[in-house]
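Next come the chains, spelled out residue by residue.
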Amino acid sequence: MTTPTNAELLADLERARSIAVALEQENAHQAERLNLIQQYADGLEDHLPGNAWHLAHTIKQLAADEITVAEVLAEDGAA
């Protein structure tokens, strides 16, 4: 096994930085989408008939990462 050169190490570091920046941008985009989903669910909650409000509540919990899809399915007996 050969020791990497400084140029190779710098190139690896730059690739790692690029990946980190891309991940941060993706995380920011996903956080924005989840926020919009929560806002949409907030608006829906008061307008759904009967007991259907729980669907909007579940959407908000999923978007806030308070519950998992598996938990929702298990509650509904689908899992």
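Residues numbered from 1 in each chain as written. Predicted model: local features only at pLDDT ≥ 70, side-chain atom pairs only at ≥ 80, totals over all residues. Heavy atoms only, no water.

(A) Fine view of helix α2 (residues 53-63). Looking at α2, one finds that the buried residues are Ala-56, Thr-58, Lys-60, Gln-61 and Ala-63. Buried residues along α2 sit against α1 (6-45) and α3 (69-75). Phi turns positive, to about 60°, at Asp-65, one or two residues after α2. (Buried < 20%, exposed > 50% of the residue type's maximum accessible area, 1.4 Å probe, protein only. Helix = DSSP H or I, 4+ residues; strand = E, 2+ residues; numbered from the N terminus. Contact = heavy atoms within 4.5 Å.)

(B) Just the layout of surface pockets, in detail. Counted as a void, the largest pocket has a volume near 160 Å³. His-54, Leu-55, His-57, Thr-58, Gln-61, Ile-67, Val-72, Glu-75 and Asp-76 are the residues that line the largest pocket. Breaking the lining of the largest pocket down by element, the ones donating at least two residues are α2 and α3. Top element by residues in the lining of the largest pocket is α2. It accounts for 5 residues. Broken down by class, the residue content of the lining of the largest pocket amounts to 3 nonpolar, 4 polar and 2 charged. (1 Å grid on protein atoms, 1.4 Å probe; cavity = no way out; pocket = protein on both sides within 12 Å on 5 of 7 lines; lining within 4 Å. Points joined across faces, edges and corners; volume = space filled by probe spheres on them. Nonpolar A, V, L, I, M, F, W, Y, C, P; charged D, E, K, R; others polar.)

(C) Region of the structure containing the pattern of salt bridges. Taken as a whole and assessed by the stated rule, the structure comprises 2 salt bridges. Residue Asp-12 is joined to Arg-15 by a salt bridge in which the shortest nitrogen-to-oxygen separation is 2.1 Å. Of this pair, Asp-12 and Arg-15 both sit in helix α1, 3 residues apart, which is roughly one turn of that helix. (Salt bridge = Lys/Arg side-chain N within 4 Å of Asp/Glu carboxyl O.)

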